[in-house]
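Architecture at a glance
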Amino acid sequence: MNMADQIALLHPGEMGVTIGACLLAGGVGVGWTSIERSEATHRRASAAGFKTYDTLEKLLTESAVVVSVCPPAAAVNTAKEVAATQFNGIYLDANAISPNTAIAISEVVEAAGASYVDGGIIGPPALRQGTTRLYLSGARVSNIIELFNYGALEAIDIGGSQTAASALKMCYAAWSKGSAALLLSVGALAKAANVTDALHDEWALSIPDLSSRLQRTAQRNAAKAWRFEGEMHEIAAMSKAHSLPHDFFSAAAETYALLSSYKGVDVPPELDEVLRTMLDSREN
Ligand SMILES: NC(=O)c1ccc[n+]([C@@H]2O[C@H](COP(=O)([O-])OP(=O)(O)OC[C@H]3O[C@@H](n4cnc5c(N)ncnc54)[C@H](OP(=O)(O)O)[C@@H]3O)[C@@H](O)[C@H]2O)c1
């Protein structure tokens with residue numbers, strides 16, 4: 001692919017907009033489509049200077065590569081929409097999805113004539129050097145990897161199987177978001193049983209950093225919990241595919257579902273409010 005070619009970014013969310021900005025920094029054009037997207041995505045894309053298209057068809061006609069960075073639960077549908085246009089360039093899925101979902105997506109886009117590259121992003125939105133890595137795998141990685149090594153983003157060819165990048169992302173998130181869900185569940189359980197103060201007193205004696213960790217976990221994750229639900233289901237599916245226990249991750253998905261009402265909230269809620277929301281959202 002030439003540096004002069006354009007990449008279609010689906011979609012400029014919190015993470016996606018920073019990937020697009022890194023591409024622009026490397027001299028690659030970035031286009032996006034405003035169809036069905038919210039005002040927040042419009043604002044991000046405009047501020048970043050991406051080219052706006054009013055249809056997916058027009059965007060893809062002028063793009064050599066698609067980069068899918070969307071909620072994991074929307075990744076398959078996004079691929080189907082792209083395949084419906086007969087897009088025949090390179091399709092990079094950089095979402096937190098299981099290897100089996102990645103294979104399903106590769107089959108969808110390749111049936112329409114595209115080439116699939118698998119990706120997984122680890123780190124916060126790519127704003128500072130050294131924080132954010134885009135892991136890539138698959139036969140066509142060498143065609144696109146140089147595009148993603150600008151700005152704050154570091155692209156790494158992980159090698160291995162076609163879906164190794166997704167597998168790595170799942171294992172990473174299994175710990176980071178799985179342990180966060182466990183801690184939130186413990187906090188909610190203690191609140192339900194009226195032993196919150198006693199638990200924090202015991203933690204202060206025996207596991208000193210856990211109270212502050214629970215506080216940070218609640219504040220950082222509440223607004224993104226709706227998206228983590230889908231990611232936890234993907235990890236459960238991967239565990240099941242390897243004949244490993246998977247109910248833990250299904251339960252983590254349920255935990256995050258209890259917090260889905262925080263979607264779009266700008267101000268991080270306090271721990272006590274988050275735990276109360278979990279208890280109030282329980283099925284009776
Ligand atoms: N944020 C992070 O720190 C982070 C870190 C590592 C990996 N990632 C990965 O990056 C991906 C996207 O994360 P993000 O932080 O950019 O999420 P985000 O801020 O929620 O943005 C997601 C983008 O996808 C769009 N979208 C929402 N619902 C959609 C649907 N049903 N179909 C298609 N598009 C939809 C959103 O548009 P509207 O809201 O305007 O509809 C938005 O533009 C995920 O796979 C995530 O696992 C994120």
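Look a little higher up for the structure.
This is a predicted model, so every value here is computed, not measured.

1. Things to note about the overall build of the protein
- Each helix and strand in the protein was counted, giving twelve helices and eight strands.
- What you see for the protein is a C-alpha radius of gyration of 20 Å, in line with the 19 Å of a compact globule of 284 residues.
- Dimensions along the principal axes, computed over C-alpha positions, put the protein at roughly 60 × 45 × 35 Å.
- The 284 residues of the protein split such that 43% are buried.
- A separation of at least 24 residues holds for 66% of the contacts in the protein among residues at least 6 apart in sequence.

2. Focus: the packing of helix H4 (residues 75–83) against helix H5 (residues 99–111)
- As a packed pair, H4 and H5 sit with axes 8 Å apart at the nearest point and diverge in direction by 10°. Comparing the axis directions of H4 and H5 gives the class roughly parallel. Across the interface between the two elements, Ala 75, Val 76, Ala 79, Lys 80, Val 82 and Ala 83 of H4 pack against Thr 101, Ala 104, Ile 105, Val 108, Val 109 and Ala 111 of H5.

3. Describing unusual backbone geometry
- A cis amide bond links Leu 10 to the next residue, His 11, at an omega of 15°.
- Tracing the chain through its elements places His 11 in the loop between strand E1 (6–10) and helix H1 (16–25).
- Of note, Asn 194 is a non-glycine position whose phi angle comes to about 60°, a positive value.
- What makes Asn 194 exposed here is the crowd of 8 C-beta atoms within 10 Å.
- With a phi angle near 55°, Ser 243 is a residue other than glycine that sits in the positive phi range.
- Mapped onto the elements of the fold, Ser 243 is located in the loop between helix H10 (225–241) and helix H11 (247–257).

4. What about the site of the ligand?
- Taken together, 23 residues form the shell around the ligand, and within it Gly 13, Glu 14, Ser 38, Thr 41 and Ala 74 come nearest.
- Tallied by class, the residues present in the shell around the ligand amount to twelve nonpolar, seven polar and four charged.

5. Examining the nonpolar core
- Of all hydrophobic cores here, the largest spans 80 residues; its most connected members are Leu 9, Val 66, Val 67, Leu 92 and Met 232.
- Counting residues per element, this core draws most heavily on helix H7 (residues 164–192), at eleven residues.
- For this core, the two domains that each supply at least three residues are domain 1 (6–161) and domain 2 (167–280).
- Sequence-distant contacts of Val 66, that is, excluding residues within four places in its chain, are made with Ala 8, Leu 10, Leu 60, Val 82, Phe 87, Gly 89, Tyr 91 and Leu 92.

6. A closer look at the sheet that holds strand E7 (residues 132–137)
- Strand order in the open sheet made by the eight strands is E3-E2-E1-E4-E5-E6-E7-E8, with mixed pairing throughout. What marks the edges here is a single partner per strand, and that holds for strand E3 (51–53) and strand E8 (153–157). Each neighbouring strand pair of the sheet contributes to a mean axis angle of 25°, computed without reference to strand direction.
- Contacting strand E5 (90–93) and strand E6 (115–122), H5 crosses the sheet at an angle of about 145° to E6.

7. Some words on H11
- Within the sequence span of H11, burial applies to Phe 249, Ala 252, Ala 253, Thr 255 and Tyr 256. Viewed along the axis of H11, the buried residues span an arc of 160°, placing them on a single side of the element.
- The secondary structure elements touched by the buried residues of H11 are H7 and H10.

What counts and how
Think of each chain on its own: its residues are numbered from 1, step by step along the sequence as written. In view of the model being predicted, local features appear only for residues whose pLDDT reaches at least 70, and side-chain atom pairs are presented and counted only at 80 or more, with totals across whole chains, interfaces and linings using the full set of residues. Secondary structure is summarised from DSSP: a helix means a run of H or I of at least four residues, a strand means a run of E of at least two, and numbering begins at the N terminus for each. Only C-alpha atoms enter the radius of gyration, while the globule expectation follows 2.2 Å times N to the 0.38, with N the number of residues. Partly exposed residues are those falling between the two cut-offs: more than 12 but fewer than 20 other C-beta atoms within 10 Å of their own, whereas 20 or more means buried and 12 or fewer means exposed, with C-beta atoms placed from the backbone. A pair of residues counts as a contact when their C-beta atoms, built from backbone coordinates, are within 7 Å of each other. Axis lines are fitted through C-alpha atoms, for helices just across the contact stretch, and the angle between N-to-C directions can take any value from 0 to 180 degrees. Between 65 and 115 degrees an angle is taken as roughly perpendicular, under 35 as roughly parallel, over 145 as roughly antiparallel, and anywhere else as oblique. Throughout this description, a residue near a molecule or strand is one whose C-beta atom, derived from the backbone, lies within 6 Å of it. When residue character is reported, Ala, Val, Leu, Ile, Met, Phe, Trp, Tyr, Cys and Pro are called nonpolar, Asp, Glu, Lys and Arg charged, and the others, Gly included, polar. Structurally, a nonpolar core is described as a collection of buried Ala, Val, Leu, Ile, Met, Phe, Trp, Tyr and Cys residues joined by way of C-beta atoms within 7 Å. For the purposes of this description, domain bounds are those given by an automatic or database domain assignment. Paired strands, in this sense, are two strands between which DSSP finds at least two bridges. Taken from the helix axis, the directions to the C-beta atoms give the arc we talk about.

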